[in-house]
Amino acid sequence: MDAIEFLQSWYQAQTNGQWEHVRGVTIETLDNPGWRVTIDLVETSLQGVAMAPVRLEKSPQDWLVCEVERDQFRGNGDAQKLLAILQVFQSWAEEAVKVK
């Protein structure tokens, strides 16, 4: 399953008539340029699960930073890193489920 299919399936699994009204997934653009992905983890199986931060900063045009803070997955990266951010989320989420 690719990262977009995984995110779609993960999101659908969280929807229960309430969660999706106050929580969700946000994909935004940054002005430097780049991407920001925020995924709410509250009331999911990933709530409270730690993640080692991922930092790949090669240059101002080639960077990626992903972390979990305050029960949110937060991924930021340059204009070519949207898929990479989603892949980091997928890898972490799949590993977290195996550990539980």
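Use the structure listed above.
These notes cover the structure that comes with them.

Right, let's talk about unusual backbone geometry for a bit. The phi dihedral of glutamate 43 is positive, around 65°, even though this residue is not glycine. With respect to the secondary-structure elements, glutamate 43 resides in the loop between strand S2 (34-40) and strand S3 (54-59). Assessed through its relative accessible area of 53%, glutamate 43 is described here as exposed. Phi at arginine 70 takes a positive value of approximately 50°, unusual for a residue other than glycine.

Moving on: the packing of aromatic side chains. According to the stated counting rule, one finds seven aromatic pairs in the structure shown. Look at tryptophan 10 and tryptophan 19: their rings are 5.9 Å apart centre to centre, the planes differ by 80°, and that puts the pair in the edge-to-face class. Each member of the pair tryptophan 10 and tryptophan 19 is classed as buried. Ring centres 5.2 Å apart and planes at 65° place the aromatic pair phenylalanine 73 and phenylalanine 89 in the edge-to-face group.

Basis of the calculations
Along every chain, residues carry numbers that run from 1 in the direction the sequence is written. The model is predicted, so local features are restricted to residues of pLDDT at least 70 and side-chain atom pairs to those at 80 or more, both for listing and for counting; the totals for chains, interfaces and linings are taken over all residues. In computing side-chain values, all of the structure's heavy atoms are included and hydrogens and water are not. Secondary structure follows DSSP: runs of H or I at least 4 residues long count as helices, runs of E at least 2 residues long count as strands, and numbering of each begins at the N terminus. Relative accessible area decides the class of each residue, using a 1.4 Å probe on protein chains only: under 20% of the type maximum gives buried, over 50% gives exposed, and in between gives partly exposed. Here the aromatic set is Phe, Tyr and Trp, taking the six-membered ring for Trp, and pairing holds for ring centres within 6.5 Å; pairs whose planes are under 30 degrees apart are stacked, those over 60 apart are edge-to-face, and all others are tilted.

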